[in-house]
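In case you want the letters, here they are:
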Amino acid sequence: MKAKIDFEAQYVAQNYRPLPIVLERGQDVFVWDTAGKRYLDMMSAYSAVSFGHSHPRLVKVLCDQAGKLAIVSRAFHADTLGPFLARLCQVSGMDKALPMNTGAEAVETAIKAARRWGYGVKGIPRGQAEIVVAAGNFHGRTTTIISMSSNQAYQDGFWPLTPGFTVVPFGDAAALEAVIGPNTCAVLMEPIQGEAGIIVPPEGYLKAMRAICDRTNTLMILDEIQSGLGRTGKMFAFEHEDVKPDGLIVGKALGGGLIPVSAFLSRMDVMDVFVPGSHGSTFGGNPLAAAVGLEALSVLVEESLPERSARQGAYLARGLAAINAPGISQIRGKGLWLGLEIDPAVAPAHSVAVSLMEHGLLAKETHDTVLRIAPPLTIEAAELDWAVATISEVLSTFTR
Ligand SMILES: *Cc1c(COP(=O)(O)O)cnc(C)c1O
């Protein structure tokens with residue numbers, strides 16, 4: 001295993017710090033390393049693998065479509081795009097969609113839509129549009145998106161940054177309202193912050209955001225790339241507060257754990273800012289992506305994965321609370337998406353992740369103190385029981 005890791009390191013940019021295992025196979029909630037050891041995947045590629053690894057229905061659709069028609073570009077119509085986007089609009093309650101590939105591209109699309117809407121509809125003077133974002137946000141890694149970040153490490157050395165973003169504390173409705181002015185075109189936030197450490201805002205925050213945006217004629221755009229498609233126990237996290245955004249960004253699980261598929265969705269009048277030539281992507285909405293995306297949405301609904309996430313997530317949270325491990329100072333999250341705050345006096349979260357890996361459980365830290373738990377939504381109670389016991393055992397080795 002070490003030889004393989006060293007070999008890779010000779011050629012790959014060192015922009016990540018992976019745990020020291022080499023995986024070669026996956027099935028549902030499990031993955032196997034090259035030595036044949038099995039691991040429970042409680043990370044599921046940051047929610048991209050919400051359906052479990054190699055879901056048979058999704059693999060079948062992928063293979064069938066690959067053998068039929070995979071890529072045509074948007075220079076032509078293909079018979080797969082309409083049905084896919086119709087279903088996506090139906091599950092999200094949005095009017096129209098613009099398909100892209102990675103999450104960051106869909107966020108970029110949202111920024112462009114918001115700015116164009118700001119100038120063309122709201123009447124903001126040219127070059128003055130502002131987008132309000134939250135401290136601790138994570139929306140991706142392009143040069144414009146890192147300009148929205150409050151994390152210096154994401155920005156260092158990549159200047160000059162893109163102007164036009166205002167950062168406010170997350171979860172503080174008064175602070176949000178205070179910064180919105182006549183040149184604000186949009187508020188763009190995650191409904192629950194993922195990379196920041198699974199930060200759930202105070203109850204009523206999204207409702208307040210909705211009211212503020214309505215009062216000030218500002219677009220409310222939610223990045224549900226990680227929180228969406230069942231992760232939090234609802235199809236979308238905004239459903240917890242019974243609000244509807246004006247724009248919605250989806251990705252990760254939309255690709256069924258097989259390929260990158262993302263989209264920006266919005267109200268009709270917002271999407272209408274795009275005319276031929278104003279935006280595009282060679283691969284966005286390709287037949288392979290559309291077929292897999294459509295099947296992913298069908299699996300999500302037919303296997304009741306959002307409901308499963310709510311039920312299994314509550315079960316997991318109860319199990320973790322019951323072990324009362326001295327190393328865990330807080331458990332937070334919604335559905336099968338939990339952040340365990342690890343007491344830094346016990347161990348850095350990274351060391352806990354390494355030890356869990358040695359015990360056959362894959363999870364990853366975010367920042368120094370948070371262990372992120374986000375298994376495939378297909379996970380069974382017995383596997384959750386095993387995970388709780390393993391986390392308990394590993395933490396006891398640090399506190400003994
Ligand atoms: C992962 C993520 C992104 C970026 O998606 P990529 O596919 O990595 O570009 C954007 N926003 C949120 C909330 C994410 O979790």
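What comes next is a walk through the structure. (Residues numbered from 1 in each chain as written. Predicted model: local features only at pLDDT ≥ 70, side-chain atom pairs only at ≥ 80, totals over all residues. Heavy atoms only, no water.)

In the structure shown here, the tally under the stated rule is five aromatic pairs. Taking the centre distance of 5.6 Å and the plane angle of 80° together, the rings of F170 and Y205 count as edge-to-face. In this pair, F170 is assigned in the loop between strand 6 (165–168) and helix 8 (173–179) and Y205 in helix 9 (residues 205–216), connecting sequence segments 35 residues apart. One exposure class covers both F170 and Y205, and it is buried. Look at F236 and F238: their rings are 5.5 Å apart centre to centre, the planes differ by 0°, and that puts the pair in the stacked class. Across this residue pair, the class does not change: F236 and F238 are buried. In this structure, R38 is placed above the aromatic ring of F30, and the distance from its NZ or CZ to the ring centre is 3.7 Å. Residue placement shows R141 over the ring face of Y154; its charged tip is 4.1 Å from the ring centre. (Phe/Tyr/Trp six-rings, centres within 6.5 Å; stacked < 30°, edge-to-face > 60°. Helix = DSSP H or I, 4+ residues; strand = E, 2+ residues; numbered from the N terminus. Buried < 20%, exposed > 50% of the residue type's maximum accessible area, 1.4 Å probe, protein only. Lys NZ or Arg CZ within 6 Å of the ring centre and 35° of its normal.)

Within the element layout of this structure, T378 appears in the loop between strand 15 (370–373) and helix 14 (381–399). T378 sits in the buried class, given a relative accessible area of 12%. Polar side-chain contacts of T378 include one of 2.7 Å to the side chain of D28. (Polar contact = N/O pair within 3.5 Å; in protein donor to acceptor, adjacent residues only side chain to side chain.)

Turning to the sheet that holds strand 11 (residues 328–333), a few remarks are in order. Spatially, four strands are ordered 11-12-15-14 in an open sheet, and the strand pairing comes out antiparallel. At either end of the open sheet lies a strand with only one pairing partner, and these are strand 11 and strand 14 (364–366). Neighbouring strand axes in the sheet, compared pairwise and without regard to direction, differ in orientation by 30° on average. Examined bridge by bridge, strand 11 and strand 12 (residues 338–342) share five bridges and lie antiparallel to one another. Looking across to strand 12, one finds that Q330 is bridged to E341. (Pairing = 2+ DSSP bridges. Axes fitted to C-alpha atoms, helices over the stretch in contact; angles between N-to-C directions.)

Before going further, it helps to spend a moment on helix 13 (residues 349–358). Buried residues dominate helix 13, accounting for eight of its ten residues. Among the residues of helix 13, A349, H350, V352, A353, V354, S355, L356 and M357 are the ones counted as buried. Each element contacted by the buried residues of helix 13 is listed here: strand 3 (38–41), strand 12, strand 13 (361–362), strand 14, strand 15 and helix 14. The first or second residue beyond helix 13 is G360, which carries a positive phi of 90°. (Contact = heavy atoms within 4.5 Å.)

Bringing the layout of surface pockets into the picture now. One number sums up the size of the second largest pocket: a volume of about 480 Å³. Forming the walls of the second largest pocket are 21 residues, and the residues nearest its centre are R74, L98, F274, V275 and H279. For the lining of the second largest pocket, the secondary-structure elements that each account for two or more residues are helix 4 (81–92) and strand 4 (96–100). In terms of residue count, the dominant contributor to the lining of the second largest pocket is strand 4 (five residues). The residue makeup of the lining of the second largest pocket, split by class, is ten nonpolar, eight polar and three charged. (1 Å grid on protein atoms, 1.4 Å probe; cavity = no way out; pocket = protein on both sides within 12 Å on 5 of 7 lines; lining within 4 Å. Points joined across faces, edges and corners; volume = space filled by probe spheres on them. Nonpolar A, V, L, I, M, F, W, Y, C, P; charged D, E, K, R; others polar.)

Every residue lining the ligand is accounted for by T102, G103, A104, F138, H139, G140, E190, D223, I225, Q226 and K252. At 3.4 Å, a backbone N or O of F138 approaches a nitrogen atom of the ligand. In this structure, K252 approaches the ligand through a side-chain N or O atom, which is 2.6 Å from an oxygen atom. When the ligand is considered free in solution it has 380 Å² of accessible area, and contact with the protein chains removes 81% of it. Residues that form the shell around the ligand fall into these classes: three nonpolar, five polar and three charged. (Near = heavy atom within 4 Å. Areas by Shrake-Rupley, 256 points an atom, 1.4 Å probe, with all protein chains shown as cover.)

A few words on the pairing of strand 3. Bridge count for strand 2 (residues 30–33) against strand 3 is three bridges, and the pairing is antiparallel. Note that in strand 3 the partner of V31 across the bridge is Y39. As consecutive antiparallel partners, strand 2 and strand 3 are separated by four residues, and within that stretch G36 has a phi angle of approximately 90°, a positive value. Where strand 3 meets strand 13, two bridges bridge the pair, whose relative direction is parallel. By the bridge assignment, L40 is partnered in strand 13 with L361.

A cis amide bond, omega 0°, links W159 with the succeeding residue P160. Mapped onto the fold, P160 is located in the loop between helix 7 (152–155) and strand 6. For D28, which is not a glycine, the phi torsion comes out positive at approximately 50°. On the secondary structure map, D28 appears in the loop between strand 1 (23–27) and strand 2. Taking the relative accessible area as the measure of exposure, D28 reaches 32% and is therefore partly exposed. The residue S73 is not glycine, and still its phi comes out positive at about 70°. Within the element layout of this structure, S73 appears in the loop between helix 3 (56–66) and helix 4.

All quantities given are derived from atomic positions and should not be read as evidence of function.
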